[in-house]
Amino acid sequence: MNTSKSETLFKRAQQLLPGGVDSPVRAFKSVGGTPRFIREGKSSCFTDEDGNSFIDYCMSWGPLILGHADDSVVEAVRETALKGTSFGTPHRFEVELAEMVINAVPSIEKVRFVCSGTEAVMSAIRLARGFTGRDKIVKLDGCYHGHADFMLVAAGSGLATFGTPDSAGVTKGNAQDTLVVPYNDLDALAALLENEGQNIAAVILEPVPCNYGLILPAPGYLAGVRELCTKHNVLLIFDEVITGFRLGHGGAQEYFGVKPDLTTLGKIIGGGLPVGAYGGRNDIMSMISPEGPVYQAGTLSGNPLAMAAGIAMLKSTRSEGFYQSLKNKGEKFRSLISPLLEKYKGKILFDSIESIFCFYFTDQKKINTVNDVRRCDMKLFALFHGAMLNRGVYLSPSGYEVGFLSSAHSNEDIEKTASAVSDSLEEIM
Ligand SMILES: *Cc1c(COP(=O)(O)O)cnc(C)c1O
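Conventions and cut-offs
Residues numbered from 1 in each chain as written. Predicted model: local features only at pLDDT ≥ 70, side-chain atom pairs only at ≥ 80, totals over all residues. Heavy atoms only, no water. Helix = DSSP H or I, 4+ residues; strand = E, 2+ residues; numbered from the N terminus. Rg over C-alpha atoms; globule rule 2.2 N^0.38 Å. Buried < 20%, exposed > 50% of the residue type's maximum accessible area, 1.4 Å probe, protein only. Contact = heavy atoms within 4.5 Å. Areas by Shrake-Rupley, 256 points an atom, 1.4 Å probe, with all protein chains shown as cover. Lys, Arg positive; Asp, Glu negative; His and termini not counted. Charge placed at Lys NZ, Arg CZ, Asp CG, Glu CD. Domains from an automatic or database assignment. Buried area = accessible area lost by both parts, 1.4 Å probe. Salt bridge = Lys/Arg side-chain N within 4 Å of Asp/Glu carboxyl O. Polar contact = N/O pair within 3.5 Å; in protein donor to acceptor, adjacent residues only side chain to side chain. Nonpolar A, V, L, I, M, F, W, Y, C, P; charged D, E, K, R; others polar. Near = heavy atom within 4 Å. 1 Å grid on protein atoms, 1.4 Å probe; cavity = no way out; pocket = protein on both sides within 12 Å on 5 of 7 lines; lining within 4 Å. Points joined across faces, edges and corners; volume = space filled by probe spheres on them. Pairing = 2+ DSSP bridges. Axes fitted to C-alpha atoms, helices over the stretch in contact; angles between N-to-C directions. Parallel < 35°, antiparallel > 145°, perpendicular 65-115°, else oblique. Left-handed = near helix turned anticlockwise from the far one by under 90°.

Asker: Where do I start with the overall build of the protein in this structure?
Answerer: Looking only at helices and strands, one finds 14 helices and 17 strands in the protein. The C-alpha radius of gyration of the protein comes to 21 Å, within 12% of the 22 Å expected for a compact globule of 429 residues. Projected onto its principal axes, the C-alpha positions of the protein cover 55 × 55 × 50 Å. Buried positions account for 55% of the 429 residues belonging to the protein. The contacts in the protein between residues at least 6 apart in sequence include a share of 71% that link residues at least 24 apart. Accessible surface, the protein: about 18300 Å² in total, of which carbon and sulfur atoms supply 51%. Across the protein, 41 positive and 48 negative side-chain charges occur, with their mean positions spaced 2 Å apart.

Pasting the structure below:
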């Protein structure tokens, strides 16, 4: 496969951008090789600068649930752009998208739009602190919530611990207000809330962690977390930046029937443009400026182009049968992949939920915690990634990332992918 144009661009980029990229995982560091500079995409596929085409399962890391350059989204952005790209005033599309989000997501009564998932989380945490008058936050080990200082925190030793900075530049002070407990462990959370509950503003988690492999909540886990938070008067924040409009129109909270107090959204609601949002109970959301004392603002927040893209996206996802059809694709994918893995029993696991999937190279029988993910063989994943790439299938370039199906993936795409999986495993195992 000729990659000379990507290589040349990457060399130039490395002189100009840290690591040659604007977001670290794009650099292919954990899989090796040259990141592909993508020139254009349509439906399930995209094409790099050298003209190589791939069936894409990264899908911009989640937003593109309709695939690349969906006609309705592109048309909405084009029409809107012709009339102006930003006004810094209220715009009717903010009202329209807010209505759609509030109608879709069970626990959201009021919503504020921002420009990224990180910003949504950062703002929701400030709001939780402002509302409760408490400083501490509980994070679940392995959940990713963007790059705000107090979220870049890792678990220290022991079960329930003060966090330690997970990035240079994060102060100990910031990290110390974040407490970390393992996911899928209600006892650890119960013990922490028993001891510290009166100092804790909120528990934040990904209802289905999708940023450290794919970890599914144990039966009853999310309901148990809800119960503990209610008991201790601690706010529960679901970070649905991935699961929102992905597991269904109402996200994980509808899927599992558990209502958080606040929800953060991103990725899909922007239709592929930069959007985040946070929303929840009216009494909490009313604390936000200018209604209340919690300050949060943004020059490009609620940007008309981004709102237009989001509206077009959600019009499609709320159409009759959308998620059933996506689920069917997920099941078809699983039904073709699973038998191929029989041959490598005890070496590979495949897990999925609806349109989200993950491959693990491991001898473990099931992945329940981040420690299980940590024991997976990421070197073998890197070989698998390269072998798939050579066969025209683009997986996210890290074994800690999940894959996404979109409504644009066809049966033929899925069959081609299954045969690439079969050949790739043959090559590397
Ligand atoms: C992607 C992601 C974020 C961060 O969103 P950005 O738009 O990248 O800032 C936060 N939380 C979760 C669960 C995510 O998957």
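Asker: Is there a simple way to think about the domain arrangement of the protein in this case?
Answerer: Where interface size is given, it is often the accessible area lost as the parts come together that is meant. Parsing the protein into structural domains produces domain 1 (4-69 + 321-428) and domain 2 (71-317). The C-alpha-based centres of domain 1 and domain 2 are spaced at 25 Å. With 30 residues of domain 1 at the interface, the matching set in domain 2 holds 30 residues. Per-residue buried area on domain 1 facing domain 2 is highest for Y323, I353 and V370; these three make up 23% of the total on that side. The tally of links from domain 1 across to domain 2 stands at 2 salt bridges. A salt bridge links R374 to D141; the shortest N-O distance between them is 3.4 Å. At the boundary of domain 1 with domain 2, the tally comes to 12 residue pairs in polar contact (both at pLDDT 80 or more). Within the residue set of the side of domain 1 that touches domain 2, elements represented by two or more residues are helix 11 (322-342), strand 14 (348-353), strand 15 (356-361) and helix 12 (370-374). At 4 residues, the largest contribution of residues to the side of domain 1 that touches domain 2 is made by strand 15. Per-class residue counts for the side of domain 1 that touches domain 2 are 20 nonpolar, 5 polar and 5 charged.

Asker: Which parts of the structure should I look at to understand the site of the ligand?
Answerer: Near the ligand you find S116, G117, T118, Y144, H145, G146, E206, N211, D239, V241, I242 and K267, and these make up its full shell. With respect to the ligand, the backbone of Y144 contributes an N or O atom lying 3.3 Å from a nitrogen atom. For the ligand, an oxygen atom lies 2.6 Å from a polar atom in the side chain of K267. When grouped by side-chain class, the residues that make up the shell around the ligand number 3 nonpolar, 6 polar and 3 charged.

Asker: What exactly am I supposed to notice about empty space enclosed by the protein here?
Answerer: To find the voids left in a structure, one rolls a probe of water-molecule size over its atoms. This structure, assessed with the given rule, holds 2 cavities of 30 Å³ or more. Reported here for the largest cavity is a volume of approximately 80 Å³. As for the largest cavity, its lining consists of F357, C358, F359, F381, L395, S396, S398, G399, E401, V402 and G403. Top contributing element to the lining of the largest cavity by residue count: strand 15, with 3 residues. Taken together, F359, Y360, F361, C376, D377, M378, F381 and G399 form the lining of the second largest cavity. When residues of the lining of the second largest cavity are traced back to their parent elements, those giving at least two are strand 15 and helix 13 (378-390). It is strand 15 that contributes the most residues to the lining of the second largest cavity, 3 residues altogether. Partitioned by chemical class, the residues of the lining of the second largest cavity number 6 nonpolar, 1 polar and 1 charged.

Asker: Help me understand the side chain of E206 in this model?
Answerer: Assignment of secondary structure puts E206 in the loop between strand 10 (200-205) and helix 7 (221-231). Put simply, E206 is tucked away with no salt bridge, and the nearest opposite charge, on K267, sits 7.2 Å away. A polar contact of 2.9 Å, which involves the side chain of E206, links it to the backbone nitrogen of Y144.

Asker: What am I meant to see in the sheet that holds strand 17 (residues 403-404) here?
Answerer: Strand pairing in a sheet is mediated by backbone hydrogen bonds. Such pairs are either parallel or antiparallel. With respect to topology, 3 strands assemble into an open sheet ordered 14-15-17, the strand pairing being antiparallel. Of all strands in the sheet, those bounded by a partner on one side alone are strand 14 and strand 17. The strands touched by helix 11 within the sheet are strand 14 and strand 15, with strand 14 carrying the most contacts at an inclination of about 165°.

Asker: Would you mind showing me how to read the packing of helix 2 (residues 71-81) against helix 10 (residues 304-317) here?
Answerer: A pair of packed helices can be characterised by two numbers: the angle between their axes and the separation between those axes. With their axes 8 Å apart at the nearest point, helix 2 and helix 10 run at an angle of 150° to one another. Between helix 2 and helix 10, the interaxial angle falls into the category roughly antiparallel. Note on packing geometry: the crossing formed by helix 2 with helix 10 is right-handed. Every residue of helix 10 that contacts helix 2 at S72, V73, A76, V77, T80 and A81 is listed here: P304, L305, A308, A309, A312, M313 and S316. Its residues placed into classes, the contact of helix 2 with helix 10 shows 10 nonpolar, 3 polar and no charged.

Asker: How do you make sense of the side chain of S123 when you look at a structure like this?
Answerer: Mapped onto the elements, S123 comes out in helix 4 (residues 117-132). At a separation of 2.6 Å, a polar atom in the side chain of S123 contacts the main-chain carbonyl oxygen of E119. When neighbours within four sequence positions are excluded, S123 is seen to be in contact with V114, Y278 and Q296.

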